[in-house]
There are 2 protein chains.
Amino acid sequence: MFKVNKLTDYATVVMVDLVSADLARPSQKIANNTGIPYPTVNKLMKDLLQAGLVRSHRGINGGYSLASPAHKITIADIIQAVEGPIALTSCVNNSLDKCSYENFCAVQGRWNRVNKAVVKALKKVTVADMT
Amino acid sequence: MFKVNKLTDYATVVMVDLVSADLARPSQKIANNTGIPYPTVNKLMKDLLQAGLVRSHRGINGGYSLASPAHKITIADIIQAVEGPIALTSCVNNSLDKCSYENFCAVQGRWNRVNKAVVKALKKVTVADMT
DNA sequence: CCTAAATAGTACTAAATAAGTACAGTATTA
DNA sequence: TAATACTGTACTTATTTAGTACTATTTAGG
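Rules and cut-offs
- Residues numbered from 1 in each chain as written.
- Chains lettered and ligands numbered in written order.
- Predicted model: local features only at pLDDT ≥ 70, side-chain atom pairs only at ≥ 80, totals over all residues.
- Heavy atoms only, no water.
- Near = heavy atom within 4 Å.
- Polar contact = N/O pair within 3.5 Å; in protein donor to acceptor, adjacent residues only side chain to side chain.
- Helix = DSSP H or I, 4+ residues; strand = E, 2+ residues; numbered from the N terminus.
- Nonpolar A, V, L, I, M, F, W, Y, C, P; charged D, E, K, R; others polar.
- Least-squares fit on C-alpha atoms with pLDDT ≥ 70 in both.
- Contact = heavy atoms within 4.5 Å.

Colleague: Mind laying out the protein's contact with DNA strand C, listing which residues take part and the relevant values?
Modeller: Surrounding DNA strand C, one finds 23 residues, the nearest of these being Arg58(A), Tyr64(A), Lys6(B), Lys43(B) and Arg58(B). Within 4 Å of the protein, the contacting atoms of DNA strand C are drawn from sugar and phosphate to the extent of 68%. Between DNA strand C and Ser27(A) there is a distance of 2.8 Å, counted from a phosphate oxygen to a backbone nitrogen or oxygen. Contacts to DNA strand C include Arg58(A), whose side-chain N or O atom sits 2.8 Å from a sugar or linking oxygen. For the surface near DNA strand C, the elements supplying multiple residues, two or more each, are helix H3 (38–50), strand E1 (54–57) and strand E2 (63–66) of chain A together with helix H1 (6–19) and helix H3 (38–50) of chain B. Grouping the constituent residues of the surface near DNA strand C by class yields ten nonpolar, eight polar and five charged.

See below:
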């Protein structure tokens with residue numbers, strides 16, 4: 001099946017939850033709100049933080065909040081934060097893998113086009129659209 | 001990583017190879033042309049056949065050929081043939097899975113929009129575009 | 001300054017999926 | 001009727017994903 005990771009799915013749910021947060025919201029509360037297990041939320045937040053999609057505050061009254069307005073964060077951003085660069089196949093330019101057939105492959109470079117089209121589609125939908 | 005199966009990637013290579021086939025082309029020859037292992041080609045062809053993307057002829061001088069003109073077969077068709085219905089998450093309408101959070105999920109149904117956008121993008125690129 | 005709350009980072013285990021292989025069966029044509 | 005090539009099923013192995021656990025670090029407030 002062609003699909004995003006479960007974690008990516010969770011991540012969108014988390015992001016949507018954070019839209020309604022005025023103050024920093026701790027992982028534990030996010031877990032309660034969304035039904036996603038606490039340890040999993042924790043793991044997710046690290047990825048989202050590293051990608052700069054959320055801000056964190058440590059200590060008492062700490063937690064997470066969105067780093068930008070909901071309508072500026074796209075599904076493409078979330079997928080990239082959780083799963084790394086979007087590369088439908090290993091022969092796409094920004095892929096982390098290397099294709100072993102690369103040198104004599106009949107579709108060399110053609111997937112780039114498909115990839116771009118998909119990324120474009122994913123950039124059109126924002127967190128605000130998901131709420 | 002957000003990507004298609006390796007088999008789907010192979011499948012496009014196979015389809016592109018078949019574009020140049022006047023007669024039916026046996027799996028073995030497809031394997032030679034593309035560098036994809038013969039047993040894997042065999043497996044692929046079954047999926048492509050079932051999906052109606054290729055035609056088969058048994059016996060001597062048998063093999064496979066495209067069931068429609070290359071410009072009418074899309075990447076979406078190939079993905080669906082190999083991986084089943086395109087459903088980015090399990091809460092998308094045509095998904096085979098069921099989402100266990102479905103009833104209280106904050107993003108209920110919102111992924112449909114994303115899914116449609118992606119499918120649309122995938123339908124715009126054809127086998128002819130990949131050659 | 002000390003304690004409790006909460007994030008940050010790393011490493012590990014288990015489950016699910018994908019990839020590859022093997023083999024026996026069936027149809028077709030020369 | 002023999003050789004060729006598709007058809008179908010089952011199995012094994014490798015890879016990826018998901019989930020868990022634990023320790024360290026930071027911060028606010030009494």
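Colleague: So, the relation of the copies chain B and chain A: which residues are in play, and what are the values?
Modeller: The transform that puts chain B on chain A rotates by 180° and translates by 0.0 Å along the axis, for an RMSD of 0.0 Å. Taken together, the rotation and translation describe the operation of a two-fold axis. Taking the C-alpha atom as reference, chain B places Val118(B) closest to the rotation axis, 2.8 Å from it. When you check the interface residues of chain B against chain A, 100% turn up at the interface there too, and the contact is symmetric in its surfaces.

Colleague: I'd like a rundown of the protein's contact with DNA strand D, residues and numbers included.
Modeller: Among the 24 residues in the neighbourhood of DNA strand D, the closest are listed as Lys6(A), Lys43(A), Arg58(A), Ser56(B) and Arg58(B). In DNA strand D, atoms within 4 Å of the protein come 70% from sugar and phosphate. In the environment of DNA strand D, a base nitrogen lies 2.6 Å from a nitrogen or oxygen atom belonging to the side chain of Lys43(A). Secondary-structure elements contributing two or more residues to the surface near DNA strand D are helix H1 (6–19) of chain A together with H3, strand E1 (54–57) and strand E2 (63–66) of chain B. Here the surface near DNA strand D is composed, by residue class, of eight nonpolar, ten polar and six charged.

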